[in-house]
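Next come the chains, spelled out residue by residue.
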Amino acid sequence: MDQPKVVIERAVAAGRRVTGAPEWPTAAGLLLGLLAMVEVALRPATSGPTVSVALLLGLCGTVPLALVRTQLVVAAVTTTAATSLILAGIGRPTGANLVVQLAILYLVGRRRSRWIAVPMALPFVGHPLIGPLWSIGGGAGAGRLADVLLAAAATVAVAAGIARRLRREAAERAVSRRVIEDTLLEHVARGERARIARELHDVVAHHISMIAVQAETARLTTPGLPPEGARRLVGIAETARAALTEMRRLLGVLRSDAEGAPTRRPQPGLHQLNDLLDEARASTGAAARLVVHGRVVPLDPGIELTAYRITQEALTNARRHAPGAAVDVVLHYADDALRLSVRDNGPGPADRAPSGHGLVGMRERAAMVGGTLTVGPAPVSGFLVRATLPFPDPPTELPATSRSDALAPAPRDPA
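Criteria and cut-off values
Residues numbered from 1 in each chain as written. Predicted model: local features only at pLDDT ≥ 70, side-chain atom pairs only at ≥ 80, totals over all residues. Heavy atoms only, no water. Helix = DSSP H or I, 4+ residues; strand = E, 2+ residues; numbered from the N terminus. Buried < 20%, exposed > 50% of the residue type's maximum accessible area, 1.4 Å probe, protein only. Contact = heavy atoms within 4.5 Å. Areas by Shrake-Rupley, 256 points an atom, 1.4 Å probe, with all protein chains shown as cover. pLDDT = per-residue confidence, 0-100. Patch = residues over 30% accessible without salt bridge, like charges linked within 9 Å, V, L, I, M, F, W, Y side chains within 5 Å. Salt bridge = Lys/Arg side-chain N within 4 Å of Asp/Glu carboxyl O. Pairing = 2+ DSSP bridges. Axes fitted to C-alpha atoms, helices over the stretch in contact; angles between N-to-C directions. 1 Å grid on protein atoms, 1.4 Å probe; cavity = no way out; pocket = protein on both sides within 12 Å on 5 of 7 lines; lining within 4 Å. Points joined across faces, edges and corners; volume = space filled by probe spheres on them. Nonpolar A, V, L, I, M, F, W, Y, C, P; charged D, E, K, R; others polar. Parallel < 35°, antiparallel > 145°, perpendicular 65-115°, else oblique.

What follows covers the overall build of the chain. Within the chain one finds 13 helices and five strands. Taking all 415 residues of the chain together, 35% fall into the buried category. Looking at the chain alone, contacts between residues at least 24 apart form 72% of all its contacts between residues at least 6 apart. When the accessible surface of the chain is summed, it comes to about 23800 Å², and 62% of that surface belongs to carbon and sulfur atoms.

Okay, the environment of valine 375 next. By the element assignment, valine 375 lies in strand 4 (residues 372-377). Residue classification places valine 375 among the partly exposed positions, given a relative accessible area of 22%. Spatially, the C-alpha atom of valine 375 lies 4.6 Å from that of valine 385, the residues being ten residues apart in sequence.

Looking now at the confidence of the model for the chain. Counting all residues, the mean pLDDT for the chain is 75, and 74% of those residues have values of 70 or more. When mean pLDDT is taken per element in the chain, strand 2 (residues 327-333) scores highest with 93 and helix 13 (residues 400-406) scores lowest with 41. Predicted confidence is poor over residues 132-140, with pLDDT under 50, and the contacts of this stretch with residues over four places away or in other chains come to 21 contacts. Within the model, the stretch residues 258-264 combines pLDDT values under 50 with one contact to residues more than four positions away or in other chains.

Looking now at the side chain of threonine 83. By the element assignment, threonine 83 lies in helix 4 (residues 72-90). Looking at threonine 83, the relative accessible area reads 0%, which means it is buried. Look past the residues within four positions of threonine 83 in its chain and what remains in contact with it is Asn97, Gln101 and Phe124.

Our focus in this paragraph is a nonpolar patch on the surface. A contiguous nonpolar surface patch, about 310 Å² in accessible area, is contributed by Leu34, Val38 and Leu42. By the element assignment, valine 38 lies in helix 2 (residues 24-42). Residue class for valine 38 comes out partly exposed when judged on its relative accessible area of 41%.

A full pass over the atoms with the stated rule returns eight salt bridges. Arginine 165 is the salt-bridge partner of glutamate 169, the closest N and O atoms lying 3.3 Å from each other. With glutamate 169 and arginine 165 both in helix 7 (residues 140-221) and four residues apart, the pair spans about one turn of that helix. The structure contains a network of salt bridges with shared partners spanning Glu228, Arg231 and Arg232.

Here the focus is the pairing of strand 3 (residues 337-344). Burial analysis of strand 3 places six of its eight residues in the buried class, the great majority of the element. Across seven bridges, the pairing between strand 2 and strand 3 is antiparallel. Within strand 3, the position partnered with valine 329 by the bridge is valine 342. Where strand 2 folds back on strand 3, the antiparallel hairpin that results is connected by three residues. Relative to strand 5 (residues 383-390), strand 3 runs antiparallel, the two sharing eight bridges. Paired with arginine 339 across the bridge in strand 5 is threonine 388.

Moving on to the sheet that holds strand 3. Within a sheet, adjacent strands bond to each other through the backbone by hydrogen bonds, running parallel or antiparallel. With mixed pairing, the five strands of this open sheet are ordered in space as 1-2-3-5-4. The open sheet has two edge strands with one neighbour each: strand 1 (288-294) and strand 4. Neighbour to neighbour, the strand axes of the sheet diverge by 10° on average, direction disregarded. Sheet strands in contact with helix 10 (residues 273-284) are strand 1 and strand 2, and its direction is about 155° off that of strand 1.

This part is about empty space enclosed by the protein. All chains considered together, the criterion is met by two cavities of 30 Å³ or more. Roughly 100 Å³ of internal volume is contained in the largest cavity. Ala280, Thr284, Ala286, Ala287, Ala288, Leu315, Ala318, Arg319, Ala322, Gly324, Ala325 and Val327 together form the lining of the largest cavity. Taken together, the elements giving at least two residues each to the lining of the largest cavity come down to helix 10 and helix 11 (301-321). A per-element tally of the lining of the largest cavity places helix 11 first, with three residues. Class assignment of the residues belonging to the lining of the largest cavity gives a composition of nine nonpolar, two polar and one charged.

Turning to the packing of helix 10 against helix 11, a few remarks are in order. The N-to-C vectors of helix 10 and helix 11 enclose an angle of 10°; their axes lie 11 Å apart at closest approach. For the element pair helix 10 / helix 11, the angle class is roughly parallel. For the pair helix 10 and helix 11, the contacting residues are Leu273, Leu276, Leu277, Ala280, Ser283 and Thr284 in the first and Tyr308, Thr311, Gln312, Leu315 and Arg319 in the second. Per-class residue counts for the contact of helix 10 with helix 11 are six nonpolar, four polar and one charged.

Attention now goes to the environment of leucine 277. Within the fold, leucine 277 resides in helix 10. The spacing of leucine 277 and valine 329 is 52 residues in sequence and 8.9 Å in space, taken between C-alpha atoms.

Structural data, given as structure tokens:
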């Protein structure tokens, strides 16, 4: 039962080898030209100069197939002109002529624009309407049927070639678009990682500097400190300064490509969320509010910076994709993590790809502190960004007098 399948596969492979050979158009054109001459010579009731003209048109309608690789338009024009003259009443096309004509129409539709391919089929489409009848068997009905079949075959050949070309171009555009998107995504992700590294450098550099300062202060202010303890404190300070110098050297390239003049401000944290929301309200005129749940506790600067940047990017996305929509920023201080959510009441995620460039940066920031981030449609309407940022250690509660200073919700109109 597998023998017919094997035969078909071998035939297809042989056909691909033949059509893939560079000399196949020349061989096919010569062979079909010879067949056309034989068919003209064997036709009955053909005599005098008509034989010579029929032979010439038969050759002009078949041999140009040899030029399809280098001069496709020339081959198409020559073949179409010869076939059109035959249909005009000088004779009737040979079988080889029809095969070459349809093949060339398909190739023109596949390799050239439709403005070149469609006119090539017009003589055959218009012939049943305005041209004289030619008959395979000599009858008018058979001639009309042959005209209609030829017009349909020519139309199908051109349409098939155009469709094949459009599919190929669409596939190429899709590949190019994916390459561009991947490149852009990689570029944006690399830039966001560089920004994260610069900000992380600022946070870590502050702590290392404090280690060096505290070690020197302890050495100088501790009365009765043994010499061994003083040497150890000196070693701690020197190690901290060496680590700070090495880190600055490693991140020097990232620092050098920062845009604009270097700033001396500390990295933003949660205490600056009100300023961020004020800026969002001023730029869009839309309502924006900050809601805080749970006991407010001091957090690691890295977690605060991550929460601030995620909120900043979520507000930017809401401003871009849902202009005028109200936004709620919710901070929930749980026992083990800070849960952040940013929700707008816009049209939802219809035009927001879940793998957008800004979302990649937010996910990487959350992962940097061991957290997670999810995005998608809000329960009723709008778009929701939710991040969970775990605490490295159990935090201590802020004094009651400092809670209102740390996170005071800004007054706003109701959402």
